[in-house]
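Coordinate inspection notes
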Amino acid sequence: MLNSESNIKFIKGVGEKRAEMFYNLGIFDVDSLIHFFPRKYEDWTKTKSVSESENGEGIAIRVTMITPVNEQMVRRGMTLYKCRFSDGESVINVTIFNNKYLAKSLRIYEDYVLFGKIEKNLTSASMSSPKIEKLDMGIHIHPIYPKTGKLTSNAIAKVIRTALENLGEIQETLNDEIRKKYNLISLDTAIRNIHFPENEDDILEARRRLIFEELLTLQLGLLKLKSSKKSETPLKITTDYTDDFISLLPFTLTNAQKRAIAECIKDMQGKYPMNRLLQGDVGSGKTAVGAGVIYTAVKNGYQTALMAPTEILALQHFESLSKMLAGQEITIRLLTGSTKPNEKREIKSDLINGKIDLLIGTHAIIQNDVEFKNLGLVITDEQHRFGVKQRASLVNKGSGIHTLVMSATPIPRTLGLILYGDLDISILDELPPGRQEIRTDVVDSRYHQRLYKFICDAADRGEQSYIICPMVEESDDMESVKSAEQLARELSQTAFKGFNLGLLHGKMKSKEKENVMKAFADGDVKILVATTVVEVGVDVPNATIMVIENAERFGLSQLHQLRGRIGRGSKKSYCVLVSDSKSEVSRSRLMTMKNYSDGFKIADEDLKQRGPGDFFGERQHGLPKLKIADMLENIDILHLAQDCAFDIIKEDYNLDSEKNKPLCNAVTKMFREIEY
């Protein structure tokens with residue numbers, strides 16, 4: 001008798017050699033095997049005759065074999081096996097390619113089921129390489145599994161069937177109360193029916209149960225993670241100075257900005273440390289929100305640190321925050337890798353003596369010898385550019401520190417809670433007045449000469465342009481795609497001869513990149529040929545044109561981030577997506593960019609087209625990989641699972657009770673390999 005922990009090699013029909021193939025699929029024991037779910041199904045129960053079917057239709061058909069197999073070698077390595085079957089009315093000519101095992105197993109006058117595409121003309125019907133099974137074995141719903149190498153879907157199904165036949169009742173993870181409340185079948189029934197359903201209802205009920213459990217487990221893990229960070233903070237923010245801050249500004253905050261500042265201050269006045277994500281589209285005014293929160297923290301006597309991923313972005317924050325907080329007796333310093341040694345020593349000394357209120361910098365501010373006297377607030381900009389340990393090491397420079405994470409990467413609203421389950425979320429969903437609408441066009445490469453003239457005319461007016469390429473260097477694999485290096489070389493000698501043209505890509509050294517971006521920001525470089533390294537970069541209000549080559553090679557959210565580099569000044573800005581792709585899907589994606597300017601709407605479209613896995617890259621964000629749930633398609637079940645998770649945590653935070661122990665084990669297992 002097997003149990004859930006039995007090694008896969010002990011299942012009848014597997015053994016050492018085949019076990020290696022299962023290991024490649026991440027299947028090591030019976031439990032991981034039975035949780036390897038079908039990706040789709042083929043319903044062989046709804047059979048048709050040839051006369052009932054349409055030409056080219058995929059069908060299951062009951063037949064009798066009426067001729068022996070005729071073997072025919074076409075060339076070395078290619079053998080055809082031909083035979084005929086009858087459905088009682090029509091004859092079907094069947095061709096089998098290179099499958100000697102199947103051909104030898106067929107017997108004349110025996111009954112079979114054929115499953116495949118039927119090709120019909122006036123006089124005959126035929127099928128090429130249909131799936132063939134004996135009639136008594138074939139009339140059922142067939143699960144189709146992701147396959148690897150020589151391990152076919154059929155082979156996987158046979159091993160799973162054997163395992164389930166030799167496995168006792170599968171231990172239940174959800175208590176009776178939950179199953180009754182949410183109308184869920186047992187885990188044992190769900191697992192058996194997801195693999196070998198008798199009808200479509202079996203599949204629907206099994207999927208609903210398993211999706212609910214997976215999303216519930218995920219939610220419980222994230223809620224526990226969030227709560228585990230909530231030890232009380234000794235920091236006391238007694239007074240809200242937001243009104244004073246607003247009176248300093250030469251512009252009016254949007255309602256979204258005011259709401260976000262209020263949410264942050266409310267968090268900081270609570271008994272637990274703030275742990276909040278500030279998410280806003282490009283140009284939505286996150287820096288002003290950060291400034292408002294910093295102002296209240298400093299006025300309450302606490303130091304603040306703001307960490308940016310690049311020196312030039314840190315410098316930009318330093319300049320903009322210095323302007324916003326000017327004349328308020330707030331000491332602001334900048335610390336980066338380029339800061340001179342004498343100045344570094346002075347900053348570190350002033351910091352530990354409490355003479356600096358706000359320190360802005362790159363990862364240089366998390367070095368061990370950088371110590372604060374009274375750190376109360378940490379802000380990280382574009383947090384996905386920092387590793388988990390880097391962010392943690394900054395927070396660890398004090399006790400109970402408030403954390404604000406800023407991101408310009410729009411995440412679909414439906415998934416914010418899942419992806420950032422350990423953070424509270426503030427969303428800036430309106431742009432400040434005066435922000436320029438960017439005109440976006442989709443063209444093919446025939447427009448290049450007109451585009452280059454457009455860029456030259458803009459340069460003559462003193463404006464600047466970006467030209468973005470998907471690759472750094474030339475590649476034999478993609479001859480049709482010009483690299484940034486190749487394009488910069490060509491254009492500097494042809495269309496843009498006489499203009500100062502810069503090149504920027506990820507393989508350059510940090511200092512080189514900083515120098516090029518500074519030259520562009522200062523207006524010395526008029527045209528910048530770059531890769532996506534500019535996706536998160538500095539404000540260059542004078543940049544009004546962005547041309548993105550081979551635009552079909554970028555994700556929608558990435559295109560939107562790139563487009564956000566322009567339209568930051570008062571002049572009309574233009575984004576041109578260049579693509580020669582004939583694909584309807586590519587065309588549709590690029591038209592989404594032309595039609596929408598709202599990053600959240602684009603993110604929703606991107607998610608629909610690519611799915612959560614591609615959209616996020618789960619591992620990058622520390623999100624456990626889901627086996628059956630789709631967070632977009634199963635949003636209704638997600639909401640139910642969230643409600644259930646809140647109820648469980650409220651009653652039994654540690655999942656210690658007997659009825660919740662199986663769920664506790666499931667949470668531990670799901671989050672075992674995830675680093676936060």
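A short note on helix α12 (residues 311-324)
Taking 1.5 Å per residue, 14 residues should reach 20 Å; α12 reaches 20 Å between its end C-alpha atoms and fits that length. Along α12, the residues classified as buried are Ile312, Leu313, Ala314, Gln316, His317, Leu321 and Met324. One side-chain oxygen of the residue at the start of α12 lies 3.2 Å from the amide nitrogen of Leu313, identifying that residue as Thr310.

A closer look at the packing of aromatic side chains
For any two aromatic rings, the description comes down to two numbers: the centre-to-centre distance and the angle of the planes. Counting across every chain of the model gives nine aromatic pairs. Taken together, a centroid distance of 6.2 Å and an interplanar angle of 15 degrees make the contact between Phe36 and Tyr145 stacked. One end of the pair, Phe36, is in the loop between α2 (30-34) and β1 (40-43); the other, Tyr145, is in the loop between β10 (141-144) and α5 (153-165), with 109 residues separating them in the sequence. Between the aromatic rings of Phe85 and Tyr112, the centroid separation amounts to 6.1 Å while the plane-to-plane angle is 85 degrees, which identifies the pairing as edge-to-face. Here Tyr112 lies in strand β6 (residues 111-117) and Phe85 lies in strand β4 (residues 78-86), a separation of 27 residues in the sequence. Each of the two residues, Phe85 as well as Tyr112, counts as buried. Looking at Arg161, its charged tip hangs above the ring of Phe196, at a distance of 4.0 Å from the centre.

Digging into the confidence of the model for the chain
Of the residues in the chain, 89% have a pLDDT of 70 or more, and the chain-wide mean is 86. Averaged over each element, pLDDT in the chain is lowest for helix α22 (residues 618-621) (40) and highest for helix α7 (residues 187-195) (97). Below pLDDT 50 for its whole length, residues 475-480 participates in three contacts with residues either more than four positions away or in separate chains. Of the regions scoring below 50 in pLDDT, residues 615-622 engages in 27 contacts with residues more than four places distant in sequence or in other chains.

Examining the environment of Leu577
Within the fold, Leu577 resides in strand β23 (residues 573-578). Residues in contact with Leu577, not counting those within four places in the same chain, are Thr440, Asp441, Val442, Val443, Ile548, Ala551, Leu559, Leu590 and Met593.

Concerning the sheet that holds strand β16 (residues 402-407)
Spatial ordering of the open sheet is given by β13-β14-β12-β15-β16-β11-β17, a layout of seven strands whose pairing is parallel. Edge positions in the sheet fall to β13 (332-335) and β17 (424-428), since each has one partner strand and no second. When strand polarity is set aside, the average angle formed by the axes of neighbouring strands in this sheet is 20 degrees. Helix α11 (residues 286-299) rests against β11 (275-280), β12 (303-307), β14 (358-361), β15 (375-381), β16 and β17 of the sheet, and its axis sits at about 170 degrees to β15. Sheet strands in contact with α12 are β12, β13, β14, β15 and β16, and its direction is about 175 degrees off that of β13.

Topic: the nonpolar core
The biggest cluster of nonpolar side chains holds 59 residues, and the ones touching the most others in it are Ile11, Phe22, Leu33, Phe212, Leu215, Leu216 and Leu220. Every element with two or more residues in this core is listed here: α1 (15-24), α2, α5, α7, α8 (200-228), α23 (635-651) and α24 (661-671). Counting residues per element, this core draws most heavily on α8, at ten residues. For Ile11, the contacting residues outside a window of four places in its chain are Leu2, Val30, Leu33, Val159, Thr162 and Ala163. In terms of nonpolar packing, the next biggest core, distinct from the first, is built from 39 residues, Met268, Leu334, Ile360 and Leu404 among them.

Section: the pairing of β6
Taken across its seven residues, β6 has five buried, putting it largely inside the fold. As judged from the seven bridges shared by strand β2 (residues 58-65) and β6, these two strands associate in the antiparallel manner. Bridging across to β6, Gly58 finds its partner in Lys117. Here β6 pairs with strand β9 (residues 131-134) via four bridges, running antiparallel. What sits directly across from Phe115, in β9, is Lys131.

So, the sheet that holds strand β21 (residues 527-530)
The sheet built from six strands is open, its strands ordered β18-β23-β22-β19-β21-β20 with parallel pairing. The outermost strands of the open sheet, each flanked by one partner alone, are β18 (438-443) and β20 (501-504). Here the strands of the sheet are splayed against their neighbours by 15 degrees on average, with no regard to which way each runs. Two elements, strand β19 (residues 464-468) and β21, share four bridges in a ladder whose sense is parallel. Its bridge partner lying in β21, Ile467 is registered against Val529. Helix α18 (residues 510-521) contacts β19, β20, β21 and β22 (543-548) of the sheet and is inclined by roughly 145 degrees relative to β20.

Some remarks on the pattern of salt bridges
Per the stated rule, a full pass over the model turns up 28 salt bridges. Of the charged contacts in the structure, one is a salt bridge between Asp31 and Lys669, with a shortest N-O distance of 2.3 Å. Within this pair, whereas Asp31 is found in helix α2, its partner Lys669 is found in helix α24, the two being separated by 638 residues in sequence. When the shortest N-O distance is used, the salt bridge between Arg179 and Asp176 registers 3.6 Å. Of the two residues, Arg179 and Asp176 are both situated in helix α6 (residues 176-181); the distance of three residues between them amounts to about one turn of the helix. Here Arg179 falls in the partly exposed class, since its relative accessible area comes to 21%. Asp176 sits in the exposed class, given a relative accessible area of 60%. Here the residues in one salt-bridge network are Glu172, Asp176, Arg179, Arg209 and Glu213, joined through shared partners.

A word on empty space enclosed by the protein
Once rolled over the atoms, a probe with the size of a water molecule shows which space is left empty. Here the structure, examined in full by the defined rule, presents one cavity of 30 Å³ or more. Of the volumes computed, that of the largest cavity is approximately 40 Å³. Breaking the lining of the largest cavity down by element, the ones donating at least two residues are β18 and α20 (584-595). Broken down by element, the lining of the largest cavity gets its largest block of residues, three residues, from α20.

Examining the packing of helix α19 (residues 556-563) against α20
Orientation of α19 relative to α20, taken along the N-to-C sense of each, is 35 degrees, at an axis distance of 10 Å. Helix-helix and strand crossings are classified by hand; for α19 and α20 the assignment is right-handed. Of the residues in α20, those in contact with Leu556, Leu559, His560 and Arg563 of α19 are Arg589, Leu590, Thr592 and Met593. Of the residues belonging to the contact of α19 with α20, the class tally is four nonpolar, two polar and two charged.

What counts and what doesn't
Residues numbered from 1 in each chain as written. Predicted model: local features only at pLDDT ≥ 70, side-chain atom pairs only at ≥ 80, totals over all residues. Heavy atoms only, no water. Helix = DSSP H or I, 4+ residues; strand = E, 2+ residues; numbered from the N terminus. Expected span 1.5 Å × (residues − 1). Buried < 20%, exposed > 50% of the residue type's maximum accessible area, 1.4 Å probe, protein only. Polar contact = N/O pair within 3.5 Å; in protein donor to acceptor, adjacent residues only side chain to side chain. Phe/Tyr/Trp six-rings, centres within 6.5 Å; stacked < 30°, edge-to-face > 60°. Lys NZ or Arg CZ within 6 Å of the ring centre and 35° of its normal. pLDDT = per-residue confidence, 0-100. Contact = heavy atoms within 4.5 Å. Pairing = 2+ DSSP bridges. Axes fitted to C-alpha atoms, helices over the stretch in contact; angles between N-to-C directions. Core = buried A, V, L, I, M, F, W, Y, C linked by side-chain atoms within 4.5 Å. Salt bridge = Lys/Arg side-chain N within 4 Å of Asp/Glu carboxyl O. 1 Å grid on protein atoms, 1.4 Å probe; cavity = no way out; pocket = protein on both sides within 12 Å on 5 of 7 lines; lining within 4 Å. Points joined across faces, edges and corners; volume = space filled by probe spheres on them. Left-handed = near helix turned anticlockwise from the far one by under 90°. Nonpolar A, V, L, I, M, F, W, Y, C, P; charged D, E, K, R; others polar.

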